[in-house]
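# Coordinate analysis (summary)
What follows is the residue order along each chain.
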Amino acid sequence: MAITPLMPVYPRCAVRPVRGEGCYLFGEQGERYLDFASGIAVNILGHGHPHLVKAIQEQAATLMHVSNMYGSPQGEAFAKRLLSHCFADTVFFTNSGAEAIECAIKTARRFHYANGNPERFKLITFSNAFHGRTMGTISATNQPKMVDGFKPLLPGFQVVEFNDLAAAEAAVDDQTAGFLVEPIQGEGGIRPATDEFMKGLRRICDEKGLMLVLDEVQCGYGRSGTFFAHEQYGIKPDIMAVAKGIGGGFPLGACLATEHAAKGMVFGTHGSTYGGNPLAMAAGQSILDIILEDGFFDHVQKMGNILAEKLETIVKKYPELCLEARGRGLIRGLKLSVPSRDVVAHLRDNHGLLTVAAADNVIRILPPLVIEEKHIDEFMEKLEAGLKSYVPAQAA
Ligand SMILES: *Cc1c(COP(=O)(O)O)cnc(C)c1O
């Protein structure tokens, strides 16, 4: 038997974490890593945050799971609290980001169905987008590495260039249900949508009765310096998928919608066995306890600005290797002139620093939102040491 016990779909690296503490991870031999990846934007409170740990422990001992056949005081309480801090009137809880997007796609299609327009089933999506790995969510992208061998894909998606408002508007036809877009593309290389693009999509949706569906799975939940990234564009979506940070490491996602947009989602149209179970709701509540405290998002912005400034100096200092720094809050990218995957591996293996590679030769920088200036200083030291010692594979 040559196949690995874990299906070999991930090129797993040599880091094998067994313990986490704040902004650090520890491997099997006690090796210490500064974690500026956060499980890909998930561990927003870092590792082992006492408030999250306690909430999960207590809820696990009280009531872990019951069916969604029963009333959910835990779900109602968390939903009300979440909704009171955003555009939405209703929420469906999931266990992952892809499931939240699936629910968002169904909600958008069902809206038009409920209005007597079942032919409006197409979502316009964007180049380099990432929405997950289910059949539906890979159908919403145009990336060969994600779709090859899995065809036929789900019909009803049309991909146009990101940040090209004219192309988005031109793609609208009688079958269009709406747009599905990340306000800040994550996997695509930390590419923020322009103000004009986001406002323009909102305008087109208003004019034509379409659904603006946002994927804030990665950029939402405080990551960009506001609770949700769209707040910085002065627009509101009709439907939004959230996950990653919402559970701080506990598997949880959410599809949020206005009452208007959710008009078709009636009894029996959707469901999930685990979605929103008491344990997940306790985890979600404990995250909100912390991030809704006065000044939390200000802290993210402040740390984000400090990090951005320092990344700018790196770009100036190493112009051959570092082409551009971009992003918002604590979702930052450093665009390189060499494959970012190699540099991410070098920083990891030789400098004890964890970051994430993204498309477009970008190193993704996604620290826990609770970092302090000393962590940024340590990050910059490791990054700069790594850039200095990095020798491109072909030159070595
Ligand atoms: C991670 C991610 C997803 C998928 O979330 P999963 O929990 O892995 O299913 C969807 N959209 C975006 C923008 C993401 O970053």
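An unreviewed UniProt entry annotates the chain as Acetylornithine aminotransferase of Zymomonas mobilis subsp. mobilis. Entered under Pathway (unreviewed entry) in the UniProt record, the comment concerning the chain runs "Amino-acid biosynthesis; L-arginine biosynthesis; N(2)-acetyl-L-ornithine from L-glutamate: step 4/4."

### Section: the sheet that holds strand β7 (residues 176–181)
With respect to topology, 7 strands assemble into an open sheet ordered β4-β12-β11-β10-β7-β5-β6, the strand pairing being mixed. Edge positions in the open sheet fall to β4 (90–94) and β6 (157–160), since each of these has one partner strand only. Here the strands of the sheet are splayed against their neighbours by 20° on average, with no regard to which way each runs. In this structure, strand β5 (residues 122–126) lies alongside β6, joined through 4 bridges in parallel fashion. Its bridge partner lying in β6, Ile 124 is registered against Gln 158. In the packing of helix α3 (residues 73–83) onto the sheet, contacts are made with β4 and β12 (253–257), and the angle to β4 comes to roughly 120°.

### Some words on the pattern of salt bridges
Following the criterion strictly, the structure yields 20 salt bridges and no others. One salt bridge connects Glu 21 with Arg 19, and the closest N-O pair in it is separated by 2.6 Å. Glu 21 gets classed as partly exposed once you look at its relative accessible area, which sits at 47%. A salt bridge links Asp 377 to Lys 310, with the shortest nitrogen-to-oxygen separation between them at 2.8 Å. Of this pair, Asp 377 sits in helix α12 (residues 373–389) while Lys 310 sits in helix α10 (residues 296–317), and the two are 67 residues apart along the sequence. For Asp 377, a relative accessible area of 32% puts it in the partly exposed group. Classification of Lys 310 by relative accessible area gives partly exposed; the value is 26%. Connected through shared salt-bridge partners, Glu 324, Arg 326, Lys 335 and Asp 360 make up one network.

### Section: the site of the ligand
If you check the shell around the ligand, you find Ser 96, Gly 97, Ala 98, Phe 130, His 131, Gly 132, Glu 182, Asp 215, Val 217, Gln 218 and Lys 244 and nothing else. The separation between an oxygen atom of the ligand and a polar main-chain atom of Gly 97 is 2.8 Å. Between the ligand and the protein, one listed contact pairs an oxygen atom with a backbone N or O atom of Ala 98 at 2.8 Å. The fraction of the free accessible surface of the ligand (390 Å²) that becomes covered by protein chains is 82%.

### Considering the packing of aromatic side chains
With the rule as written, the count across this model stands at 10 aromatic pairs. Each ring, one from Phe 126 and one from Phe 197, has its centre 5.2 Å from the other, and the planes form 85°; the classification is edge-to-face. Of this pair, Phe 126 sits in strand β5 while Phe 197 sits in helix α8 (residues 195–208), placing them 71 residues apart in sequence. Assigned by exposure class, Phe 126 and Phe 197 land together as buried. Chaining the aromatic ring pairs together yields one cluster made of Tyr 221, Phe 227, Phe 228, Phe 296 and Phe 297. Lying over the aromatic face of Phe 26, Arg 19 brings its terminal NZ or CZ to 4.3 Å of the ring centre. Its guanidinium or amino end placed over the ring of Tyr 24, Arg 32 lies 4.0 Å from that ring's centre, counting from NZ or CZ.

### Observations regarding the environment of Phe 111
Tracing the backbone shows Phe 111 in helix α4 (residues 97–114). With 58 residues separating them in the primary sequence, Phe 111 and Val 53 have C-alpha atoms 39 Å apart. Non-local contacts of Phe 111, meaning those with residues more than four positions away in its chain, are made with Gly 209, Met 211, His 260, Ala 261 and Lys 263.

### Quick word on helix α2 (residues 50–62)
The end-to-end C-alpha separation of α2 is 18 Å, in line with the 18 Å expected for 13 residues at 1.5 Å each. Every buried residue of α2 is accounted for by Leu 52, Ala 55 and Gln 59. Along the axis of α2, the buried positions cluster into a sector of 65°, meaning they face one direction only. Exposed residues on α2 whose side chains face more than 90 degrees from its buried face are Pro 50, Gln 57 and Ala 61.

### Quick look at a nonpolar patch on the surface
Residues Met 7, Val 9 and Tyr 10 make up a contiguous nonpolar surface patch of roughly 390 Å² in combined accessible area. Mapped onto the elements, Tyr 10 comes out in the segment before β1 (17–21).

### Considering the UniProt feature "binding site: N(2)-acetyl-L-ornithine" (unreviewed entry) in the chain
If you check UniProt for "binding site: N(2)-acetyl-L-ornithine" (unreviewed entry), the listed places come out as Arg 133 and Ser 272 in our numbering. With respect to the helices and strands, Arg 133 occurs in the loop between β5 and α5 (135–139). A residue is classified by how much of its surface remains accessible, and Arg 133, at 56% relative accessible area, is exposed. Once residues lying within four places of it in the same chain are set aside, the contact partners of Arg 133 are Ala 98, Ile 138 and Met 146. As for its placement among the helices and strands, Ser 272 is situated in the loop between β12 and α9 (278–291). Residues contacting Ser 272, with those up to four places away along its chain left out, are Asn 68, Phe 92, Asn 95 and Glu 99.

### Quick word on the UniProt feature "modified residue: N6-(pyridoxal phosphate)lysine" (unreviewed entry) in the chain
Under the local residue numbering, the UniProt record ascribes the feature "modified residue: N6-(pyridoxal phosphate)lysine" (unreviewed entry) to Lys 244. Inspection of the secondary structure puts Lys 244 in the loop between β11 (239–242) and β12. Those residues in contact with Lys 244 that sit more than four places away from it in its chain are Ile 40, Ala 41, Val 42, Val 217, Gln 218 and Leu 252.

### A short note on the sheet that holds β1
Within the open sheet, the 4 strands sit side by side as β1-β2-β3-β15. Their pairing is mixed. The outermost strands of the open sheet, each flanked by one partner alone, are β1 and β15 (353–354). Pairing of strand β2 (residues 24–27) with strand β3 (residues 32–35) involves 3 bridges; the strand directions are antiparallel. Considered in β3, the bridge of Phe 26 is made with Arg 32. Each of β2, β3 and β15 touches α12; the most contacted strand, β3, lies at about 110° to it.

Calculation rules
- Residues numbered from 1 in each chain as written.
- Predicted model: local features only at pLDDT ≥ 70, side-chain atom pairs only at ≥ 80, totals over all residues.
- Heavy atoms only, no water.
- UniProt positions renumbered as here; feature names shortened; annotations may be inferred.
- Pairing = 2+ DSSP bridges.
- Helix = DSSP H or I, 4+ residues; strand = E, 2+ residues; numbered from the N terminus.
- Axes fitted to C-alpha atoms, helices over the stretch in contact; angles between N-to-C directions.
- Contact = heavy atoms within 4.5 Å.
- Salt bridge = Lys/Arg side-chain N within 4 Å of Asp/Glu carboxyl O.
- Buried < 20%, exposed > 50% of the residue type's maximum accessible area, 1.4 Å probe, protein only.
- Near = heavy atom within 4 Å.
- Polar contact = N/O pair within 3.5 Å; in protein donor to acceptor, adjacent residues only side chain to side chain.
- Areas by Shrake-Rupley, 256 points an atom, 1.4 Å probe, with all protein chains shown as cover.
- Phe/Tyr/Trp six-rings, centres within 6.5 Å; stacked < 30°, edge-to-face > 60°.
- Lys NZ or Arg CZ within 6 Å of the ring centre and 35° of its normal.
- Expected span 1.5 Å × (residues − 1).
- Arc of directions from axis to C-beta.
- Patch = residues over 30% accessible without salt bridge, like charges linked within 9 Å, V, L, I, M, F, W, Y side chains within 5 Å.

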